[in-house]
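The lines below spell out each chain.
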Amino acid sequence: MNRLFGSALTFLCLQLVLQTSNALKSPWRYECVQGHCQKRANNNLTQNTALSLSACRIFCSDVGAIWPKPTGEVSVGNVLSTINVHSIDVLGAQSESTISDLVAGAAKIFRGQIEKLIPRNSSPKGGKSLVVTLDIKDQTKNALSLDLDESYMLKIGETTDGRVQALIVASTFFGARHGLETLNQLIIFDNLREELQIARDVLVTDRPAYPYRGVLLDTSRNFISVDAIKTTINAMGASKLNTFHWHITDSHSFPYVSKSRPELSNYGAYSPDKVYTHEDILEIIKYAKQRGVRVLPEFDAPAHVGEGWQNTGLVTCFNWQPWQKYCVEPPCGQFDVTKPELYDALEDIYNDMFDQFQPDIFHMGGDEVNFNCWNSTQSIVDWMGKKGWGRTEADFIKLWDYFQNQALEKVYKKAGKKIPVIMWTSHLTHKEYLINSLPKDKYIVQIWTLGTDEQVKNLIQNGYQVILSNYDALYLDCGFAGWVTDGNNWCSPYIGWQKVYENKPKKITGDKRKQVLGAEATFWTEQADSTSLDSRLWPRASAMAEVLWSEPETSWRAAESRFLIHRERLVKLGVNADALEPEWCLQYEENCPIGGKFNVDNRV
């Protein structure tokens, strides 16, 4: 149950203690009136208690304006203490523990986030020391898993010697890191007094509702720079998302530098500088883990392969025309799964990926296989004929099964054990093929079709664990111009954050909600690259983050004020998150449609 202490319908009833100086830098202050921070002129009577907008938001907004909304108790007192940016210590792991480097990295990130709160040309002085203590019970777990405990408890108070003390208690590093994110959101820059301030007398208990909270990024259709990937991971960590699903290759390009098969990126990358080297990948993995994010590689097969494979003899239909007959977009390309040497190549690639990523789960892709491609390849048809197979859909399902079973064994071999494998919804997940093709004890199914698709119902009824990426709410590349046709792209219209927020697992799966591991916002890059990534992905992916963390019963209207605040946080972190409404509405929120209706008849 959430409880927010220290707030009232009107700030006139709240005697807020500001442990700061009284020299105000602005003629404006804010009061909390009926749940909205309202702009007021300052005067002599309000000098001592005047609140900046940032301070008002902590006390006036729901649950201290924290995003995503905590799932346990939230208690915020009525005191703000000034802190010294040059006196912040984070104490945590024992030096010999397996998480000591992670804690050191998270502490550095935390201090860096606070520094970014300070505006250019401002130099706040003085304030109390802030001591953050991380009490991590299990200091052996240094990697995410689907059953990992990500809960935390945060307490903020003052010590007898006048320092501000923040205590974060968590079972694992990843829970403690989430606690640091929440703590960061309770620290503000007060532009009235040019001070850093922290909410005091705080208690938060919190844990996520779903274990899998992801973002997919396609880096094949258009190359995405390492710096842009890092920015995405920054935003993920700030929103408590925990899985970066890297769709690293496709038929368009092969930017992944395989140690075993370097010729694939030599021939398949757009240019020599548009590749991900071994060092790049390790850097991204480390960067992500310090922010509580696993990097999940996907090697999509047997379709979605092409560039880089031209000289191997292992791919058919590559760039065949007219492409509409052989795939959903150019260039086409599928593996010739009858070639024995294909499985040697797959084993090499899997070996490289498992060596680098060390994933606890693996994504094998498996979507949009075009049977006409295989049916138009004489050597494949002849091979099937020798097995007594025909050329019906059911026969090509047998061919696909043949590939999938051999490829899965290679995955298990290189993982050293049977690990969970994710597959997209496809022909294999159709009712008549599902159980025999993708046993539920081996596969997790990621749903990209509509949330109302009959496949969803069938998967749930048959006991499968699923990840939601239904395109009607979570394909964030939708709503732009068509590129292989005129008009808009295939999944238009544009998906607003409100629709993302209302895409709740309970609505889709009902009483079978426990079979939902979580969800993933997807960003395919046919029409985007590093220059447009931030604004198209953020802040909308953060709306999904709250749904998966908090499982809110209320609608987007109840969350809108906090969502706008969180978008500002992302911008301060260097994420070019898209604007949602005029800045005027942040200063006069009672006059904008937060939680209400906008009268279009009054527009000029």
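About the thresholds
- Residues numbered from 1 in each chain as written.
- Predicted model: local features only at pLDDT ≥ 70, side-chain atom pairs only at ≥ 80, totals over all residues.
- Heavy atoms only, no water.
- Axes fitted to C-alpha atoms, helices over the stretch in contact; angles between N-to-C directions.
- Helix = DSSP H or I, 4+ residues; strand = E, 2+ residues; numbered from the N terminus.
- Parallel < 35°, antiparallel > 145°, perpendicular 65-115°, else oblique.
- Contact = heavy atoms within 4.5 Å.
- Buried < 20%, exposed > 50% of the residue type's maximum accessible area, 1.4 Å probe, protein only.
- Core = buried A, V, L, I, M, F, W, Y, C linked by side-chain atoms within 4.5 Å.
- Expected span 1.5 Å × (residues − 1).
- Bend = angle between axes of the 7 residues up to and from the residue.
- Disulfide = S-S within 2.5 Å.
- Salt bridge = Lys/Arg side-chain N within 4 Å of Asp/Glu carboxyl O.
- Polar contact = N/O pair within 3.5 Å; in protein donor to acceptor, adjacent residues only side chain to side chain.
- Nonpolar A, V, L, I, M, F, W, Y, C, P; charged D, E, K, R; others polar.
- pLDDT = per-residue confidence, 0-100.

A. Examining the packing of helix α6 (residues 278-289) against helix α7 (residues 340-357) more closely. Packing of α6 against α7 brings their axes to within 10 Å, and their N-to-C directions diverge by 40°. When the axis of α6 is compared with that of α7, the two are oblique. Facing H278, I281, L282 and I285 of α6, the residues of α7 in contact are D355, Q356 and F357.

B. Geometry of the environment of V466. Assignment of secondary structure puts V466 in strand β20 (residues 466-468). For V466, a relative accessible area of 0% gives the class buried. The spacing of V466 and V456 is ten residues in sequence and 8.6 Å in space, taken between C-alpha atoms. Apart from the residues within four sequence positions on either side, V466 is in contact with I444, V445, I447, L459, I460, Q515, V516, L517 and G518.

C. Geometry of the environment of A50. Structurally, A50 is set in the loop between β3 (36-41) and α1 (53-60). Put simply, A50 and T531 are 481 residues apart on the chain and 41 Å apart in space, counted from C-alpha to C-alpha.

D. Main features of the nonpolar core. Core analysis: the biggest nonpolar cluster contains 116 residues, and W246, F299, W309, F335, W374, F403 and W538 have the highest contact counts within it. With residues near it in sequence (within four places) discarded, W374 still touches P302, T316, Q334, F335, V337, V369, I380, V381, F396, L399 and W400. Grouped together as the second largest cluster of nonpolar side chains are 56 residues, C37, V74, L102 and I187 included.

E. Fine view of helix α18 (residues 556-572). Taking 1.5 Å of rise per residue, the 17 residues of α18 would be expected to cover 24 Å, and the 23 Å separating its terminal C-alpha atoms lies within 8% of that figure. In α18, a bend of some 35° at R562 exceeds every other bend along the element. Taken together, the buried positions of α18 are W556, A559, E560, S561, R562, F563, L564, I565, H566, R569 and L570. With its phi angle positive at about 95°, G574 sits one or two positions after the end of α18.

F. The state of the cysteines, seen in detail. For the coordinates displayed, the defined rule picks out six disulfides. What pairs with C478 in a disulfide is C491, and their sulfur atoms sit 2.1 Å apart. On the sign convention where negative means left-handed, the S-S torsion of about -110° between C478 and C491 marks this disulfide as left-handed. In this pair, C478 sits in the loop between α13 (471-474) and α14 (497-502) while C491 sits in the loop between α13 and α14, placing the two residues 13 residues apart along the sequence. Across this residue pair, the class does not change: C478 and C491 are buried. The disulfide bridge from C585 ends at C592, spanning 2.0 Å between sulfur atoms. An S-S torsion of about -65° defines the bridge between C585 and C592 as left-handed.

G. Up close: the pattern of salt bridges. Summed over all chains, the structure comprises 30 salt bridges. Among the ionic pairs, E526 bridges to R221, the shortest N-O distance being 3.7 Å. Placement of the pair is E526 in the loop between β21 (516-523) and α16 (533-537) and R221 in the loop between β12 (212-218) and α4 (226-238), with a sequence separation of 305 residues. Owing to a relative accessible area of 7%, R221 belongs among the buried residues under this scheme. Residue K230 pairs with E283 through a salt bridge whose shortest N-O separation is 2.3 Å. Residue K230 is located in helix α4, and its partner E283 is located in helix α6; the two are separated by 53 residues in the primary sequence. Its relative accessible area of 15% is what places K230 among the buried residues. Where salt bridges share partners, they join D218, R221, D250, E329 and E526 into one cluster.

H. Broad picture of the side chain of Q139. On the secondary structure map, Q139 appears in the loop between β6 (128-136) and β7 (152-158). Q139 gets classed as buried once you look at its relative accessible area, which sits at 15%. Within polar-contact distance, the side chain of Q139 engages the side chain of S97 at 3.3 Å. Reaching out from Q139, the side chain makes a polar contact with the backbone oxygen of I136 at a distance of 3.4 Å.

I. How the structure looks around the packing of helix α9 (residues 378-386) against helix α10 (residues 393-415). Where α9 meets α10, the axes come as close as 11 Å, and the angle between the chain directions of the two elements is 95°. As judged from the angle between their axes, α9 and α10 are roughly perpendicular. Here I380, W383 and M384 of α9 come into contact with α10, specifically with D395, F396, L399 and Y402. Here the contact of α9 with α10 is composed, by residue class, of six nonpolar, no polar and one charged.

J. The arrangement of the confidence of the model for the chain in detail. Per-residue confidence for the chain averages 92 on the pLDDT scale, and 94% of its residues sit at or above 70. Counting interchain partners and residues more than four positions distant, the pLDDT-below-50 stretch residues 595-604 has five contacts.

K. Molecular detail of unusual backbone geometry. In this chain, W67 is followed by P68 through a cis amide linkage whose omega measures -5°. Assignment of secondary structure puts P68 in the loop between α1 and β4 (74-76). Put simply, S492 and P493 share a cis peptide bond, and its omega is 10°. Summarising the element assignment, P493 is placed in the loop between α13 and α14. In this model, E194 sits at a positive phi of 55°, which is unusual for a non-glycine residue. For E194, the location among the structural elements is in the loop between β9 (187-190) and β10 (195-199). In the Ramachandran plot, E368 falls in the positive-phi region, its phi being about 55° despite a non-glycine side chain. Structurally, E368 is set in the loop between β17 (362-363) and α8 (371-375).

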